[in-house]
Each structure stands twice: as structure tokens, then as C-alpha cells.
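As a plain string of letters, each chain reads:
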Amino acid sequence: MAEAQKSWEKRLDKTTDSLAVDFVESLSVDKRLYKYDIVGSIAHAEMLCEQKLLTKEEFKQIKEALIDISRQIEEGKFKFDKTYEDIHMAIEAALIKRIGDAGKKLHTGRSRNDQVATDMRLWMRDEIEIINTKITLLQKALVKLAEKYASGIMPGYTHLQRAQPVSIAAYLLSFVEQLNRDYLRLKNRRASANVSPLGSGAIAGSSLPLDRKKSCGLLGFSDITYNTIDSVSDRDFCAEFIFDCCLIAAHLSKLAEDWIIFSTTEFGFIRVDDAFCTSSSMMPQKRNPDMLELIRGRSGAVYGSLMAILTILKAQPSGYNRDLQEDKVHTFGAADTIEACIDMTCAIVGNTAFNKDKISADIEKGFLDATSLAEYLVTKGVPFRTAHGIVGSLVAECEKQGKTLAEIDIEEFKKHSKAIDEDVYQHLGTENVAAAYKSDAAAGSSQSLEQISYWKKQFSER
Ligand code: ARG
């Protein structure tokens, strides 16, 4: 049976059952909040001191002892005792053990309910900075690779069928764009989560003259929350953060899926460096893209966390309920997984080569220039729908004869449409097509080069 004394030992006749101790504890998960808990406590104590609820001497003692506890934890010298349930009580107990009565005053006007809500928001602010730094590194790696292949052309796919030629750079930059939405989404999340619930107490605030705006300002929050009942139970910011992680996972899993396909013998578009492949215990020839498969697979855990947090929040009675303790395992889990997946993707992007020869060897197959031919007819005054039909029958004819569109002679073209002239050949073949894209942000090499300089400028301003 646990020996640690808890603050409510006078209320409950029995010490907590050992099974219950293990069941209720969150220390194993929330000890990573220690820095935020200590910073929050120092701000709370400073506020109490200004409000004359602590003397200057008591505040000094509390602050110094908390900093010392923080140092101990940092150095791995702090004994975490799960009978204290969570990081909040573990630190408070250590504080009281050190400085006695002054330590016992720290929890004035405070509950673990507003304390944990504050800690989580403080943690999230930093976590978002970390993830966004990693997103930027990945974006930079993609831009670097795009620059390397700025002149290369590859097939663009829809329905995984050959569609139109695109520059390799444009393909890579499509992920930079996706990741940028992730970056901005998290930036917005940081701003909306950056409000202070501290001083909301257990549910109703306090009859003591707390100055919530004071502790809010000390902690760098942009404002206080404005309803204490909501403040102690609001975990929308956790659900939103996990959702943001889910979309990152979706984007990374798309890249992973593409590259798994691109690295097959059938495609042979890319070669992921050996350092990021594994082999088989049985088949000696194998080079398996396991890291990419795991990036794809780990999206499952992140999506699971979203479903978990939404379910935890559903139909909870108003006010704090212990269910909310479960926010952490899923919020931290999503963050850890997404950090690892971004790091891994970044490393793979930096160690992958596109096989331009293999890509171009087959690139004239699949009629990637068919749309360009239809657009050529449009420039000759043929309505697009009619042009679409003409090219459709030309493609069907080519398929029968085993030819590409560029291999059709002019007489044959003329049989299908009198609008076709000798200049048609300048509009056929993937190189010509990709060089002719004119619309804003099209997938050609010139537009990709513009995008590359745009992104470089963006990153330099981050
Ligand atoms: N460990 C708890 C959590 O993470 C702290 C709050 C507990 N509050 C309470 N009144 N039981 O949510």
C-alpha cells in the first residue's frame, strides 16, 4: 500500500487501493509537463504575492524551491511517486517537503483542474513551434529536391492513370503546398489555444481576490478565458490539435504511398537510399521501403487519437470530469508520432533520387499530350467539346496502330480534322506540352521555378 500522504487524507478513511493507485495515476504520462507546471506555479505564486495572499518572502521561497525541483527533474534525480497521481501533486508534495507552510500556500485559489488546463496550453504552444520547425525543414528538403529536378518531366496521374505531363519539381512542390496549409493551421491553433484558464479554480473561480490577468500576462497568454465552468473542461484545443496532426499524417501518407509505388520495379521512378530500406529475412534480393510503409501506417494511430479524444469529450457532464485526464495520452501520442513521421520523411526526401532516364524512357506512352492536342484545336477555332471528340477518336486509332499521337502523319490528322496544320507537332510530345503550359501555377518547369523562388523567400521570412 502506498505511503505517500495526499492532501485529502483527512477526508477519506482509507488510503487508496493499490489497484486504484495504478488505475488513476497519470504521472507516467504527464510528467513531461513538469516545466509547464512549474512555470505556471511560479506565475500563480507571483500573482498571489501581488494580491497579498503570499508574503514576498514566501513567494521567494516557493520560486526558488520550484526552480530547484525543476533542476532535479531535469537531472533525473527526482523520485516520481505515482501515489501522488499526477505531476501537479508530485511537485506540490516535493515543494511542501522542502519549505513547509509556504509550500502549502501555493495552491491558494487554484485547483488541479485549472492547473492541468493551463499546463496543456503551455505545452501545446511549444509543441506547435517544434512541429512547425520540422514542417519547415521538410518543406525545404522538398524544395531542394525540386530544384535538382526542375527541368525533369514525369507523368501526372489522375485515377492512377496517365493524365498530363508535369515537371518533377511541380510534383514535389505539391507537397510543399500541402505542408504549408498544415503549418498555417498549426499557427492558427497556437493563437487560439493561447488563452489562460489559470485562476478558474475547480469550476467557479474563487472568493479570494485573484488577479487572473496578472498570471495570464506573466505566462505570455494573449487573454484570459471568460467562463470558469468552461475553462476547466475545454479540451477543444486538444481535439483541434490532433485533427491538425491527422491532416499532416494524411499528407505524409500520400507521399509515402506515391513513393512506395514509384520505387517498384514496375515504375522505377525513384530510388530511396539503402539507409532507408530494409531487406527480407528470406528473399535475398529484397529492398523494401519499410520506412515509407510505416509513415503510411502510423497515420492509423493519429486518426485513432482523434476518434479517442472526440469520444472522450462526447456527453461528458459540464465541469471537470476525470475522463479529461485521458486527453494527454492521445494529444501527446499524436504529437510524438507526427514529429517522428515528419523527421523520417525529411530524411527520406533528402536521400532519394529520381531516375530521369527510366521516367523518360516510357513517357510518350499513355497519350499524356492528348489534352494539349484538344487545346491546340481550340486555338484553331474548334469548340472544345468537338475537339475532345476528335482527339478521342485519334487516340483510339493510335491505340489500334500502336502509335503515339506525334507519330501520326499530317494526312491522317487532316482526315480527322481540317483544322489541323503542320504546326500541330509543336504541341505534341511531353516536352512540348510541359513547356507550353501558360496558366498561373501550372505544372510546367517555368512555373515550378517561380514557385521555388516564392518558397525560398517565404522560408527566409519564417
Ligand atoms: N491528472 C488530472 C488530469 O490530468 C489532473 C486534474 C485532476 N483533478 C481532479 N479534480 N481530480 O486531468
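Residues numbered from 1 in each chain as written. Predicted model: local features only at pLDDT ≥ 70, side-chain atom pairs only at ≥ 80, totals over all residues. Heavy atoms only, no water.

J.: Please explain helix 15 (residues 370–379) as it appears in this structure.
T.: Every α-helical turn comprises 3.6 residues, leaving residues that sit three or four positions apart pointing alike. When we look at burial in helix 15, the residues that qualify are A370, S372, L373, A374, Y376 and L377. The inward-facing, buried residues of helix 15 abut helix 16 (384–401), helix 17 (410–416) and helix 18 (430–436). Once helix 15 finishes, G381 follows within two positions and takes phi at roughly 90 degrees, a positive value. (Buried < 20%, exposed > 50% of the residue type's maximum accessible area, 1.4 Å probe, protein only. Helix = DSSP H or I, 4+ residues; strand = E, 2+ residues; numbered from the N terminus. Contact = heavy atoms within 4.5 Å.)

J.: I would appreciate a short explanation of the packing of helix 3 (residues 34–50) against helix 7 (residues 112–148) in the present structure.
T.: When two helices pack together, their arrangement is given by the angle between their axes and by how far apart the axes lie. Where helix 3 meets helix 7, the closest approach of the two axes is 9 Å, and the angle between their N-to-C directions is 120 degrees. Taken together, the axes of helix 3 and helix 7 lie oblique to each other. Once helix 3 is placed against helix 7, the crossing between them reads as right-handed. On helix 7, the residues touching Y36, D37, G40 and S41 of helix 3 are Q115, D119, L122, W123 and D126. When grouped by side-chain class, the residues that make up the contact of helix 3 with helix 7 number three nonpolar, three polar and three charged. (Axes fitted to C-alpha atoms, helices over the stretch in contact; angles between N-to-C directions. Parallel < 35°, antiparallel > 145°, perpendicular 65-115°, else oblique. Left-handed = near helix turned anticlockwise from the far one by under 90°. Nonpolar A, V, L, I, M, F, W, Y, C, P; charged D, E, K, R; others polar.)

J.: Looking at this structure, how should I read the environment of L218?
T.: Relative to the elements of secondary structure, L218 occurs in helix 9 (residues 212–218). Distance from L218 to M47, taken between C-alpha atoms, is 8.8 Å for residues 171 residues apart in sequence.

J.: Please clarify how empty space enclosed by the protein should be interpreted in this entry.
T.: Remark: the empty space left among the atoms is shown by a probe the size of a water molecule rolled over them. What the rule picks out here adds up to one cavity of 30 Å³ or more. Estimates place the volume of the largest cavity at around 40 Å³. Mapped by element, the contributors of at least two residues to the lining of the largest cavity are helix 7, helix 8 (168–193) and helix 11 (236–262). Looking at the lining of the largest cavity, its residues break down into six nonpolar, three polar and no charged. (1 Å grid on protein atoms, 1.4 Å probe; cavity = no way out; pocket = protein on both sides within 12 Å on 5 of 7 lines; lining within 4 Å. Points joined across faces, edges and corners; volume = space filled by probe spheres on them.)

J.: It is not clear to me how the site of the ligand should be interpreted in this structure. Could you clarify?
T.: Every residue near the ligand is listed here: S26, D86, H88, R112, N113, V116, Y320, R322, Q325 and K328. Here a nitrogen atom of the ligand sits 3.2 Å away from a polar atom, N or O, in the side chain of S26. Separating a nitrogen atom of the ligand from a side-chain N or O atom of N113 is a distance of 2.9 Å. When the free accessible area of the ligand is taken as 340 Å², the share hidden by the protein chains comes to 87%. When residues in the shell around the ligand are grouped by element, the largest group, three residues, is from helix 7. Partitioned by chemical class, the residues of the shell around the ligand number two nonpolar, four polar and four charged. (Near = heavy atom within 4 Å. Polar contact = N/O pair within 3.5 Å; in protein donor to acceptor, adjacent residues only side chain to side chain. Areas by Shrake-Rupley, 256 points an atom, 1.4 Å probe, with all protein chains shown as cover.)

J.: Would you take a moment to explain the packing of aromatic side chains for this structure?
T.: For any pair of aromatic rings, geometry is given as the distance between the ring centres together with the angle between the planes. Considering all chains together, one arrives at 14 aromatic pairs under this definition. With centroids separated by 5.8 Å and ring planes inclined at 65 degrees, the aromatic side chains of F413 and Y425 adopt a geometry described as edge-to-face. Taken together, the residues F413 in helix 17 and Y425 in the loop between helix 17 and helix 18 connect sequence positions twelve residues apart. On the basis of relative accessible area, Y425 is assigned to the partly exposed category, the value being 27%. A network of ring pairs unites the aromatic residues Y157, Y171, F175, F262, F267 and F269 as a single cluster. Between R32 and the ring centre of F332, over which it is positioned, the NZ or CZ distance is 4.4 Å. Seen from the ring of Y183, R462 lies directly overhead, with NZ or CZ sitting 3.6 Å from the centre. (Phe/Tyr/Trp six-rings, centres within 6.5 Å; stacked < 30°, edge-to-face > 60°. Lys NZ or Arg CZ within 6 Å of the ring centre and 35° of its normal.)

J.: Please clarify how unusual backbone geometry should be interpreted in this entry.
T.: With the exception of glycine, most residues fall at negative phi, and the peptide bonds are largely trans. The phi torsion at K52 lies on the positive side, around 65 degrees, for a residue other than glycine. As for its placement among the helices and strands, K52 is situated in the loop between helix 3 and helix 4 (56–74). For K52, a relative accessible area of 73% corresponds to the exposed category. At L160, a position not held by glycine, the phi torsion is positive, near 60 degrees. Note that L160 resides in the loop between strand 1 (153–158) and strand 2 (161–167).

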